[in-house]
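# Breakdown of the fold
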Amino acid sequence: MFDLSSYNTFNLAVSAREGLVVSEVADLENLPLPLEEPYIILGGGSDVLFTEDFVGTVLINRIMGVSITKLPRRADSAGALASAAAAASASSASSSDTAASAAVAFSAEAPVADASAADSYDSDSAFEYVVRVGGGVVLDDLIAQLLKEDICGLENLSLIPGTVGAAPIQNIGAYGVEIGDFIESIEAFDLRTGETKVFTAAQCHFGYRYSIFKEPEYRSLFITHVTLRLSKTFVPHQNYAGLQSMEFKDAFAMRERVIALRNEKLPNPKYVGNAGSFFKNPYVNADVVAALQAQFGTKVPCYPCEDGRFKLAAGWLIDKANCRGLKHGQVGTWGKQALVIVNLGNAKPHEVLALARYISAEVKSKFGIDLVPEVRLYGKHGEIAWDQI
Ligand code: NAP
């Protein structure tokens, strides 16, 4: 049996029949393919709830390495970026991929791909940076290391737990920024066929906590590398509370502020087992918002979306359903953010599930709104849909 307690941030004592830590692509190429079902791919285990022991194989992504290619910014840079990603792929394959360490290992900056074009620019804003990252790199380590090189864009995602390979699967987001906004391409190894497939950002169909990699037919894809397109020009995204009306001299200052906000409000999974936001924010029609406003006044947090609907704050609904700070046995909801379910010590999977069901039933009965987990649920034989559990 393979102990999963240190591979899920809920810190639940669960196990799998077998576990394999993948530190380079060759580990995947050496597997007997198609890989015997059932199997699950894990990054940091920060967005999963194991509802019981898993009878299959768990593959843990620890492919490391970061390579950076500096390119002149162009109005239409898609072609140039694609070739830079391919060049980075070739140049980093031997060195960076084997850098299996907690720290992010950067390869030497690749030469500017088109030096003659680069000569005609003289400021950082004239360049962009194509950053190819091993799927097992910890996202927050990457953000910190990129900022040391003044490469920014991801600072609002600071301190989100998890790995770079897992980040695009649910298109993680925070403080008005989503990882999908910066993705150039994704390389994935198919555990059925042994093929390596490359997806452009458009092919990933990024949406709110969504990409095609969540669909069952893409379940056999192990994301080995993610290529991001970033810049040294700091563009502050500060329309969220806590960031508004503030001056940020650079992306590092923004990162510090985001870290402070998160530390203030969210439990650190190093000390309190949790999987971040347990439920997604519901999207509703204007009549639902009007009904809430009739009950609670105009202070109901809601955000208009492009499709005419409104995003509600799941944490606020849970709070108003009197579920903030709840304790049920060894599980509870976090007092400063009701959207987070926490392991208060020795929680059992069924306790987490029972509390999640209770919260969702309370919100449904009070507001008629269905909450759906953002956290992915894994049972004995693999992933389970919320409505089938
Ligand atoms: P908050 O500021 O109390 O806001 C509650 C919800 O309202 C958020 O979920 C957010 O949606 C939405 N919201 C707030 N201001 C908004 C604005 N100006 N425009 C559009 N939507 C707005 O939330 P919080 O718990 O302190 O979290 C702050 C940020 O960190 C949020 O973006 C949240 O998603 C993120 N976060 C992410 C994770 C994760 O696991 N990925 C965990 C915890 C927090 P969005 O969630 O769509 O941003």
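Before going into details, it helps to say that this report is about the structure given with it. (Residues numbered from 1 in each chain as written. Predicted model: local features only at pLDDT ≥ 70, side-chain atom pairs only at ≥ 80, totals over all residues. Heavy atoms only, no water.)

Moving on, we come to the sheet that holds strand β15 (residues 302–304). Taking strand neighbours across the sheet as the criterion, the three strands line up as β14-β16-β15 in an open arrangement whose pairing is antiparallel. Two strands close off the open sheet at either side, each with one partner strand: β14 (283–284) and β15. Direction of pairing for β15 relative to strand β16 (residues 310–312): antiparallel, over a ladder of three bridges. Residue pairing in the sheet places Tyr 303 in a bridge with Lys 311 of β16. (Pairing = 2+ DSSP bridges. Helix = DSSP H or I, 4+ residues; strand = E, 2+ residues; numbered from the N terminus.)

This part takes up the layout of surface pockets. There is about 280 Å³ of room inside the second largest pocket. For the lining of the second largest pocket, the secondary-structure elements that each account for two or more residues are β10 (183–190) and β12 (221–230). Per-class residue counts for the lining of the second largest pocket are six nonpolar, four polar and six charged. (1 Å grid on protein atoms, 1.4 Å probe; cavity = no way out; pocket = protein on both sides within 12 Å on 5 of 7 lines; lining within 4 Å. Points joined across faces, edges and corners; volume = space filled by probe spheres on them. Nonpolar A, V, L, I, M, F, W, Y, C, P; charged D, E, K, R; others polar.)

With that settled, the discussion passes to the packing of aromatic side chains. Scanning the model with the defined rule gives 12 aromatic pairs in all. When the ring of Phe 50 is compared with that of Tyr 378, the centres are 5.8 Å apart and the planes differ by 35°; the resulting orientation is tilted. Here Phe 50 is found in strand β4 (residues 48–50), whereas its partner Tyr 378 is found in strand β20 (residues 376–379), with 328 residues between them in sequence. Phe 50 gets classed as buried once you look at its relative accessible area, which sits at 1%. Taken together through their ring pairs, the aromatic side chains of Phe 10, Phe 278, Phe 279 and Trp 386 make up a single cluster. The ring centre of Phe 127 lies 4.4 Å from the NZ or CZ of Lys 70, which sits over that ring. Cation over ring: Arg 219 sits above Tyr 39, and NZ or CZ is 5.6 Å from the ring centre. (Phe/Tyr/Trp six-rings, centres within 6.5 Å; stacked < 30°, edge-to-face > 60°. Buried < 20%, exposed > 50% of the residue type's maximum accessible area, 1.4 Å probe, protein only. Lys NZ or Arg CZ within 6 Å of the ring centre and 35° of its normal.)

Bringing the nonpolar core into the picture now. Inside soluble globular proteins, nonpolar side chains tend to come together where they are buried. Ranked by size, the top nonpolar core spans 45 residues in total, and within it Leu 142, Leu 154, Leu 157, Ile 179 and Leu 228 carry the most contacts. With residues up to four places along the chain from it excluded, the contact list for Ile 179 reads Leu 139, Leu 154, Leu 157, Ala 167, Pro 168, Asn 171, Ile 172 and Leu 228. In terms of nonpolar packing, the next biggest core, distinct from the first, is built from 36 residues, Phe 10, Phe 278, Val 300 and Ala 314 among them. (Core = buried A, V, L, I, M, F, W, Y, C linked by side-chain atoms within 4.5 Å. Contact = heavy atoms within 4.5 Å.)

Right, let's get into the environment of Phe 2. As for its placement among the helices and strands, Phe 2 is situated in strand β1 (residues 2–3). Judged by its relative accessible area of 18%, Phe 2 is buried. Sequence separation between Phe 2 and Ala 16 is 14 residues, and the spatial gap between their C-alpha atoms is 5.1 Å.

Near the ligand lie 17 residues; those nearest to it are Tyr 175, Tyr 240, Lys 265, Lys 311 and Gln 337. Tyr 303 has a polar side-chain atom sitting 3.2 Å from a nitrogen atom of the ligand. Surface burial for the ligand is 84%, taken as the share of its 780 Å² of free accessible area covered by protein chains. Mapped onto the shell around the ligand, the elements with two or more residues apiece are β8 (173–174) and α6 (251–265). By residue class, the composition of the shell around the ligand is seven nonpolar, five polar and five charged. (Near = heavy atom within 4 Å. Polar contact = N/O pair within 3.5 Å; in protein donor to acceptor, adjacent residues only side chain to side chain. Areas by Shrake-Rupley, 256 points an atom, 1.4 Å probe, with all protein chains shown as cover.)

Sheet strands line up and pair through hydrogen bonds in the backbone, either parallel or antiparallel. Reading across the sheet, the four strands line up as β13-β19-β18-β17 and stay open at both edges, with antiparallel pairing between neighbours. A single partner strand is all that each edge strand has here, and the edge strands are β13 (273–277) and β17 (327–328). Pairing of strand β18 (residues 331–334) with strand β19 (residues 337–343) involves four bridges; the strand directions are antiparallel. Paired with Val 331 across the strands is Asn 343, a residue of β19. Contacting β17, β18 and β19, helix α9 (residues 349–367) crosses the sheet at an angle of about 50° to β18. (Axes fitted to C-alpha atoms, helices over the stretch in contact; angles between N-to-C directions.)

As a further point, take the pattern of salt bridges. Between side chains of opposite charge, pairing is possible as soon as their charged atoms come close. For the structure shown, the criterion picks out 14 salt bridges. For Arg 209, the salt bridge is made with Glu 374, and the minimal N-O distance between the two is 3.4 Å. Highlighted residues: Arg 209 in the loop between α5 (201–204) and β12 and Glu 374 in the loop between α9 and β20, separated in sequence by 165 residues. Of the two residues, Arg 209 and Glu 374, both sit in the buried class. Connected through shared salt-bridge partners, Asp 190, Arg 192 and Lys 197 make up one network. (Salt bridge = Lys/Arg side-chain N within 4 Å of Asp/Glu carboxyl O.)

Considering the arrangement of structural elements, one finds His 237 in the loop between β12 and α6. Considered as a pair, His 237 and Gly 153 are 84 residues apart in the sequence and their alpha carbons are 9.3 Å apart. Discounting chain neighbours no more than four positions away, the residues touching His 237 are Asn 156, Tyr 175, Val 177, Leu 243 and Met 254.

It is worth stressing that arrangement in space is one thing and function is another; only the former is reported here.
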